[in-house]
Amino acid sequence: MSKVVLVTGSSQGLGATIVRTLANQGFRVVVNYNKSKEAADKIVSEIGKEHAIAIQADVTNRTEVDRMVEEATDYFGQIDVVVNNALIDFKFDPIKQKPFAELSWDDYQRQLDGTLKAAFNVIQSVVPQFIERQNGSIISIGTNLFQNPVVPYHEYTTAKAGLIGFTRNIAAELGAYGIKANVVSGGLLKTTNASAVTTPEVFDLIANSTPLKKVTTPQDVANMVAYLASEHASGITGQNFTVDGGLTMN
């Protein structure tokens, strides 16, 4: 049987590209959404109900996450991979982004909850079945902004930077059970719902600064996610893969 991948926040944007890419490569997918039911149902109808299911859950709510994991497991028999992709209330708007002096801790907390608390909820809910099978893969979506803050999106970037430490600790502890955990950090993507408000000047600046002279696309990131979800990546864990056309180099 093909692997089952749960992708959070996957009714639109990068998440939708990820689930379509996975489905095209033979994976079965769980399309998680919070409010965009119509968009999620459309993706399932494209892929087919034998290979996809849409499940509503606010990933910052542990009760809803547990229900989603149970429903997905009942539908497909198990979950093999989770992709922590959901983005909570954030737009990459260089004009409206608050300067540091105007930010509140609530702004930071919202992103910490949307990134770290959400990943915590999903991973802790699904990991018992990973441990039981001695296998599983966790892939979380990060950002290259923590290395190169072209625009200082303070609260978003801080949460995503924390995601790398969070992931590496999980990789260190759960590797003994055959569980892998990695981060895929894209550059600013052209274009998703969150980056639709990004000005052309910022996109041009990024493109001209990269060795490949291009802005990263959702498909670029989705391809790396699909690779990490496959058996080809069975020996990789604890890594942060930057997909940004070489803008940042490790």
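Our structure is the block above this text.
The structure displayed is predicted, hence computed values, not measured ones.

Caption draft 1: Molecular detail of the pattern of salt bridges. Here the structure, examined in full by the defined rule, presents 9 salt bridges. In this structure, lysine 3 engages glutamate 231 in a salt bridge whose closest nitrogen and oxygen atoms are separated by 2.8 Å. Highlighted residues: lysine 3 in the segment before strand E1 (4–7) and glutamate 231 in the loop between helix H7 (218–229) and strand E7 (240–243), separated in sequence by 228 residues. The structure contains a network of salt bridges with shared partners spanning Lys98, Asp107 and Arg110.

Caption draft 2: Focus on helix H4 (residues 105–133). Its 29 residues give H4 an end-to-end C-alpha distance of 40 Å, which sits within 8% of 42 Å, the value for a rise of 1.5 Å per residue. At valine 127, H4 shows its maximal kink, close to 40°; a proline, proline 128, follows between one and four residues later. Glutamine 134 sits one or two residues past H4 and shows a positive phi near 60°.

Caption draft 3: Representation of the pairing of strand E3 (residues 52–56) within the structure. For E3, the buried fraction is high: 4 of the 5 residues fall into the buried class. In this structure, strand E2 (residues 28–33) lies alongside E3, joined through 5 bridges in parallel fashion. The residue bridging valine 29 from the neighbouring strand is alanine 52, located in E3. Tracing the backbone out of E2, into helix H2 (residues 37–47) and back to the parallel element E3 gives a crossover that is right-handed.

Caption draft 4: View of the packing of helix H1 (residues 13–24) against H7. Their axes nearest at 9 Å, the elements H1 and H7 cross at an angle of 50°. In terms of their interaxial angle, H1 and H7 are classed as oblique. For the element pair H1 and H7, the recorded crossing hand is right-handed. Every residue of H7 that contacts H1 at Leu14, Thr17, Ile18, Thr21 and Leu22 is listed here: Pro218, Gln219, Val221, Ala222, Asn223, Val225, Ala226 and Ala229. Broken down by class, the residue content of the contact of H1 with H7 amounts to 9 nonpolar, 4 polar and no charged.

Caption draft 5: Geometry of the packing of aromatic side chains. Tallying each qualifying case throughout the model produces 7 aromatic pairs. Measuring from centroid to centroid gives 5.4 Å for tryptophan 105 and tyrosine 108, while their planes differ by 10°, and the two rings are stacked. Here tryptophan 105 pairs with tyrosine 108, and both are found in helix H4, just 3 residues apart, close to one helical turn. A residue is classified by how much of its surface remains accessible, and tryptophan 105, at 53% relative accessible area, is exposed. On the basis of relative accessible area, tyrosine 108 is assigned to the buried category, the value being 11%. Through a chain of ring-to-ring contacts, three or more aromatic side chains come together here, namely Phe90, Phe92, Tyr153 and Tyr156. Lying over the aromatic face of phenylalanine 203, lysine 190 brings its terminal NZ or CZ to 5.2 Å of the ring centre.

Caption draft 6: Region of interest: the nonpolar core. The biggest cluster of nonpolar side chains holds 31 residues, and the ones touching the most others in it are Ile18, Leu22 and Val83. Among the secondary structure elements, those contributing two or more residues to this core are E1, H1, E2, H2, E3, strand E4 (81–84), strand E5 (136–143) and H7. With 6 residues, the top contributor of residues to this core is H7. When near neighbours in sequence (up to four residues on either side) are disregarded, isoleucine 18 contacts Val7, Val83, Asn85, Ile141, Ala222 and Val225. Counting 29 residues, the second largest nonpolar core, distinct from the first, contains Val30, Ala118, Ile123 and Ala181.

Conventions used here
Residues numbered from 1 in each chain as written. Predicted model: local features only at pLDDT ≥ 70, side-chain atom pairs only at ≥ 80, totals over all residues. Heavy atoms only, no water. Salt bridge = Lys/Arg side-chain N within 4 Å of Asp/Glu carboxyl O. Helix = DSSP H or I, 4+ residues; strand = E, 2+ residues; numbered from the N terminus. Expected span 1.5 Å × (residues − 1). Bend = angle between axes of the 7 residues up to and from the residue. Buried < 20%, exposed > 50% of the residue type's maximum accessible area, 1.4 Å probe, protein only. Pairing = 2+ DSSP bridges. Right-handed = clockwise from strand over helix to strand, strands pointing away. Axes fitted to C-alpha atoms, helices over the stretch in contact; angles between N-to-C directions. Parallel < 35°, antiparallel > 145°, perpendicular 65-115°, else oblique. Left-handed = near helix turned anticlockwise from the far one by under 90°. Contact = heavy atoms within 4.5 Å. Nonpolar A, V, L, I, M, F, W, Y, C, P; charged D, E, K, R; others polar. Phe/Tyr/Trp six-rings, centres within 6.5 Å; stacked < 30°, edge-to-face > 60°. Lys NZ or Arg CZ within 6 Å of the ring centre and 35° of its normal. Core = buried A, V, L, I, M, F, W, Y, C linked by side-chain atoms within 4.5 Å.

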